[in-house]
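Understanding the architecture of this molecule
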Amino acid sequence: MLGKLFRRNKEQVKLFYHTDVHSHILPGVDHGSQSIEQSLEMLRAEAEMGISRVILTSHVTAITFENTRETLTDAFLKLKDAVTDEGLDMELYLSAEYRMDEYYDKEYAADHLLPMPGNHVLLENSFQQELMNLDELLFDMQVKGYRTILAHPERYPYYSRRHKRYEQLHNAGARFQVNILSFTGYFGEEARESALWLVKNHLIDYLGSDMHNVKHAHIIMDYINSKEWRKLSREIEPIIKNDYITD
Ligand SMILES: [Fe+2]
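Worth saying up front: this structure is predicted, and the values here are computed from it rather than measured.

Structural notes on the overall build of the chain
- Along the backbone of the chain there are eleven helices and seven strands.
- Its C-alpha atoms put the chain at 50 × 40 × 30 Å along the principal axes.
- Here the chain holds 247 residues, and the buried ones make up 38% of them.
- In the chain, once contacts between residues fewer than 6 apart in sequence are set aside, the share between residues at least 24 apart is 78%.

Here it is as structure tokens:
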């Protein structure tokens, strides 16, 4: 509440790009937004930060969130109607964040993926260990014409202790999407340090909010008002390709 009051008196700093490539704003399909109202509140926060295109990347994971094209499309159409009714000027795209697991293997084999514009696919590793055949999967997907984006590489603890692997994966054609929340320390000091390391080594391709709720949006809004972000964003701006996610 205090944060809200504070923000109302101060002009919100805008992000330097207009496309959020990672979000859990689609209602009722994962542990992100749980209702249309929450989704609209999150989208209003995106707009306040200067975002005008949001790619909806709900979780697709074995057992917990076995979403299909149908479940996601159904929620997408409802959200689009609500956005139109609200008169919100926001372009929405339906895609997903795919955990590379046995459910993904099936969906991928069946050609059921929902890529972002330009055939980009957002992929997530397990937080316990890297997928055993990650290199082969990346290669196979690229041969099939997909552009592979690894979601928040800074958040996997096994990479934080092994920075060389970042270079290998990037050389193998994986693009990296870093969460703004990681810079704030929200996911711990290790993730923050890895995010800063990726900036320093020019291994960031996309930034994402990965927002699951309005609280995440408010943390990002506060952070981008900070001096640290002003300095950091000058380094990141020339290498970020968020607004190039197009067909
Ligand atoms: Fe996510």
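A few points about the pairing of strand β3 (residues 91-99)
- Relative to β3, strand β2 (residues 53-60) runs parallel, the two sharing eight bridges. Across the sheet, L56 pairs through a bridge with L94, a residue of β3.
- You can see the chain leave β2, run along helix α3 (residues 69-86) and come back into β3, and the turn it takes is right-handed.
- Pairing between β3 and strand β4 (residues 120-124): three bridges, direction parallel. For R99, the partnering residue across the bridge sits in β4 and is E124.

A few points about the packing of helix α2 (residues 36-48) against α3
- Across the interface, α2 lies against α3 with an axial gap of 10 Å and an inter-helix angle of 60 degrees. Regarding the angle of α2 to α3, the classification is oblique. Classified by chirality, the crossing of α3 by α2 is right-handed. Where α2 abuts α3, its residues I36, S39, L40 and L43 lie against K78, L79, A82, V83 and E86.
- Residue composition of the contact of α2 with α3, grouped by class: six nonpolar, one polar and two charged.

A look at unusual backbone geometry
- A positive phi angle, near 55 degrees, is found at H202, a position not held by glycine.
- Considering the arrangement of structural elements, one finds H202 in the loop between α9 (189-200) and β7 (206-208).
- Even without being a glycine, D210 presents a positive backbone phi close to 50 degrees.
- The topology assignment puts D210 in the loop between β7 and α10 (214-223).

So, how was this worked out
- Every chain begins its residue count from 1, and numbering advances along the sequence as written.
- The predicted nature of this model means local features are confined to residues of pLDDT at least 70 and side-chain atom pairs, given and counted, to a pLDDT of 80 or more, with totals for whole chains, interfaces and linings taken over all residues.
- Per the convention used, a helix needs a DSSP run of H or I reaching at least four residues, while a strand needs a run of E reaching at least two, with both numbered from the N terminus.
- For the exposure call, what matters is how many other C-beta atoms sit within 10 Å of a residue's own: 20 or more marks it buried, 12 or fewer exposed, and in between partly exposed, using C-beta atoms placed from the backbone.
- Throughout, a residue-residue contact means that the two C-beta atoms, derived from backbone geometry, are no farther apart than 7 Å.
- Here, a strand pair is defined by DSSP locating no fewer than two bridges between the strands.
- Orienting the strands away from the viewer, one traces the path from the first strand over the helix to the second; a clockwise path indicates a right-handed crossover.
- Angular values range over 0 to 180 degrees, each being the angle between N-to-C directions of two axes fitted as lines to C-alpha atoms, with helices fitted over their stretch in contact.
- An angle counts as roughly parallel when it lies under 35 degrees, as roughly antiparallel when it exceeds 145, as roughly perpendicular when it falls between 65 and 115, and as oblique in every other case.
- Should the near helix be turned anticlockwise from the far one by less than a right angle, the crossing is termed left-handed; should it be turned clockwise, right-handed.
- In this classification, the charged set is Asp, Glu, Lys and Arg, the nonpolar set is Ala, Val, Leu, Ile, Met, Phe, Trp, Tyr, Cys and Pro, and all remaining amino acids, among them Gly, are polar.

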